[in-house]
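Listed below, chain by chain, are the residues.
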Amino acid sequence: MSTSISSTTQGRGGWLARPSHHHWLEKEGQRLLSFYRASRHPAGGFAALDERGELPHDAQPDTMITARMVHCYSLAEMRGEPGAAVLVEHGLTALAGPLHDSEYGGWYSGLPKGEADDGKQAYIQVFVALAASSAWQAGHSSARPLLEKVIATIEDHFWSEEEGSLRESFSRDWQQEEAYRGANSNMHGTEAFLQLADVLESPLWRHRALAVADKIIHQHARANRYRIIEHFDRKWQPWREYHRDTPKDQFRPYGATPGHAFEWARLLLHLEAGLKREGETPPDWLLGDARALFQKACELGWDVDGEPGLIYTHDWDDQPVVHERLHWPVAEASAAAAALWRRTGDAEYERWYRKCWDTIDQFMIDREHGSWWQELDRQNRPSDELWSGKPDLYHAYQATLLPRLPLAPTMARAIAEEAP
């Protein structure tokens, strides 16, 4: 299939207009929700499941997983999923309790181990904000103090008005700051900020999301031919060689990550739609950059190494580095294609949407044990080079919801508003 994006065509038919496809997405979402109920940890919060959907004997509560589960089951609760509210409360209790640093504030990445200095990462805090805002929108009163605490943590330590972005991480006592800036944490910060703007009815957070997008996408990625620069020094100078010797780092891989280009493309469209919804005039570059990001990610990521599928990373010469196919980039590609199709009516995006789901159906969905394979090797066989087990509901479940929701407001508010 061609990776070029054709000129805009009229009509918005195809799968996205078919109730039968929406029914398929609904069933797949319910299948995912059923699988991940087992990630509830008896010590509090949620932990990573193995490939069969069971908690390993040494599993430990994880803050990122807990926050993502709270977010997803809050959405599911609002959509009428029995039992979801209990899981949300279980996660909120952990986020307000053992996963929170009661001495210095902020959230650990997991249960603290002895006297270990577990630093505070922006990536973790913004997922707590996403979780708390979703649970609050779903009607959980216990989410309100959590939401207030995490907003205060972001305001006091992570948001830099001068930089127009998030600082990356600090030591546990906030005394030492990492000399690094990351696009990934700021991308998920953008996601959380857009939802905070809707749930709290506060335009401030949407304007902060715009500042972040302008810096990382319209300034840096555009100047880099829409290959997203993931790593920067403290002064926001590109750090292109970061982790060259460890290219398979789970959260900070070397080079460019096409999956993040798809994710950013979708977020730019949510931002544009959110500004319009509030009567503001969005900058023209939001749509243009979203289209360019999608096209570049398709060009450099899909079917580029002799095998079908979406590679994980490529270098600055546009050559594949990590050939493994992870589940979340193709999930984000499907959601981005749906968003661009809805926004533009360009039928090429609908063709990409189908390609994404055909790929997921053929290679990612595990119909024997449940959920999706989190990682495949170059030949599309289950692999665990970067990730083992099946820890993640978030990307896959959102991929089943986003094609059926408007571009604005964001997910939690949109689902709340569609309720009878």
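1. Overview of the overall build of the protein chain
Link 1 in the chain: Counting secondary structure elements, the protein chain contains 13 helices and ten strands.
Link 2 in the chain: Since a compact globule built from 420 residues should have a radius of gyration of about 22 Å, the 20 Å found for the protein chain is in line with a globular shape.
Link 3 in the chain: If you line up the protein chain on its principal axes, its C-alpha atoms span 55 × 45 × 45 Å.
Link 4 in the chain: Residues classed as buried in the protein chain amount to 61% of the 420 residues present.
Link 5 in the chain: Summed over its atoms, the accessible surface of the protein chain is roughly 16,100 Å², and 46% of this surface lies on carbon and sulfur atoms.
Link 6 in the chain: The centroid of the 45 positive side-chain charges in the protein chain is displaced by 4 Å from the centroid of its 63 negative side-chain charges.

2. Brief notes about unusual backbone geometry
Link 1 in the chain: For the peptide bond that leads from Ala-408 to Pro-409, omega is 0°, which places it in the cis range.
Link 2 in the chain: The backbone phi angle of Tyr-226 is positive, close to 60°, even though this residue is not glycine.
Link 3 in the chain: Tracing the chain through its elements places Tyr-226 in the loop between α7 (203–223) and β6 (231–232).

3. A look at the environment of His-23
Link 1 in the chain: Assignment of secondary structure puts His-23 in helix α1 (residues 19–36).
Link 2 in the chain: A residue is classified by how much of its surface remains accessible, and His-23, at 49% relative accessible area, is partly exposed.
Link 3 in the chain: Along the primary structure His-23 and Asp-233 are separated by 210 residues, whereas in three dimensions their C-alpha atoms are 46 Å apart.

4. Concerning the packing of helix α8 (residues 258–277) against helix α9 (residues 285–301)
Link 1 in the chain: Relative to each other, α8 and α9 sit at 165°, their axes nearing to 8 Å. It follows from the interaxial angle that α8 and α9 lie roughly antiparallel. Two packed elements cross with a definite hand, and for α8 against α9 that hand is left-handed. Residues Pro-258, Ala-261, Phe-262, Trp-264, Ala-265, Leu-268, Leu-269, Leu-271, Glu-272 and Leu-275 of α8 form the contact with α9, whose participating residues are Trp-285, Leu-286, Leu-287, Asp-289, Ala-290, Leu-293, Phe-294, Ala-297, Cys-298 and Gly-301.
Link 2 in the chain: Taken together, the residues of the contact of α8 with α9 break down into 17 nonpolar, one polar and two charged.

5. A short note on the pattern of salt bridges
Link 1 in the chain: One pass over the structure, following the stated rule, counts 38 salt bridges.
Link 2 in the chain: Of the charged contacts, one joins Lys-296 and Glu-299 as a salt bridge, the two residues approaching to 3.7 Å between their closest N and O atoms. Of this pair, Lys-296 and Glu-299 are both found in helix α9, three residues apart, which corresponds to roughly one turn of the helix.
Link 3 in the chain: Under the relative-accessibility criterion, Glu-299 is labelled partly exposed at 39%.
Link 4 in the chain: The salt bridge involving Asp-366 is made with Lys-390; its shortest N-O contact spans 2.6 Å. Residue Asp-366 is found in the loop between α11 (347–364) and β10 (375–376), and its partner Lys-390 is found in the loop between β10 and α12 (394–401); the two are separated by 24 residues along the sequence.
Link 5 in the chain: In this structure, a network of salt bridges that share partners links the residues Glu-201, Arg-277, Glu-278, Arg-413 and Glu-417.

6. Focus: the packing of aromatic side chains
Link 1 in the chain: Taken as a whole and assessed by the stated rule, the structure comprises 22 aromatic pairs.
Link 2 in the chain: Between Phe-158 and Phe-170 the ring centres are 5.4 Å apart and the planes differ by 80°, which places this aromatic pair in the edge-to-face class. With Phe-158 in helix α5 (residues 143–158) and Phe-170 in strand β4 (residues 169–170), this residue pair connects regions lying twelve residues apart in the sequence.
Link 3 in the chain: Take Phe-158: its relative accessible area is 0%, and that puts it in the buried class.
Link 4 in the chain: Its relative accessible area of 10% is what places Phe-170 among the buried residues.
Link 5 in the chain: With centroids separated by 5.7 Å and ring planes inclined at 70°, the aromatic side chains of Trp-159 and Phe-193 adopt a geometry described as edge-to-face. Placement of Trp-159 in strand β2 (residues 159–160) and of Phe-193 in helix α6 (residues 183–199) is noted, with a sequence separation of 34 residues between them. Each of the two residues, Trp-159 as well as Phe-193, counts as buried.
Link 6 in the chain: Ring pairs connect the aromatic residues Tyr-123, Phe-127, Phe-251, Trp-387 and Tyr-394, which therefore count as one cluster.
Link 7 in the chain: Positioned above the aromatic ring of Trp-316, the side-chain terminus of Arg-240 is 5.1 Å from the ring centre.
Link 8 in the chain: Positioned above the aromatic ring of Tyr-180, the side-chain terminus of Arg-252 is 3.9 Å from the ring centre.

Reading guide: rules and limits
Residues numbered from 1 in each chain as written. Predicted model: local features only at pLDDT ≥ 70, side-chain atom pairs only at ≥ 80, totals over all residues. Heavy atoms only, no water. Helix = DSSP H or I, 4+ residues; strand = E, 2+ residues; numbered from the N terminus. Rg over C-alpha atoms; globule rule 2.2 N^0.38 Å. Buried < 20%, exposed > 50% of the residue type's maximum accessible area, 1.4 Å probe, protein only. Areas by Shrake-Rupley, 256 points an atom, 1.4 Å probe, with all protein chains shown as cover. Lys, Arg positive; Asp, Glu negative; His and termini not counted. Charge placed at Lys NZ, Arg CZ, Asp CG, Glu CD. Axes fitted to C-alpha atoms, helices over the stretch in contact; angles between N-to-C directions. Parallel < 35°, antiparallel > 145°, perpendicular 65-115°, else oblique. Left-handed = near helix turned anticlockwise from the far one by under 90°. Contact = heavy atoms within 4.5 Å. Nonpolar A, V, L, I, M, F, W, Y, C, P; charged D, E, K, R; others polar. Salt bridge = Lys/Arg side-chain N within 4 Å of Asp/Glu carboxyl O. Phe/Tyr/Trp six-rings, centres within 6.5 Å; stacked < 30°, edge-to-face > 60°. Lys NZ or Arg CZ within 6 Å of the ring centre and 35° of its normal.

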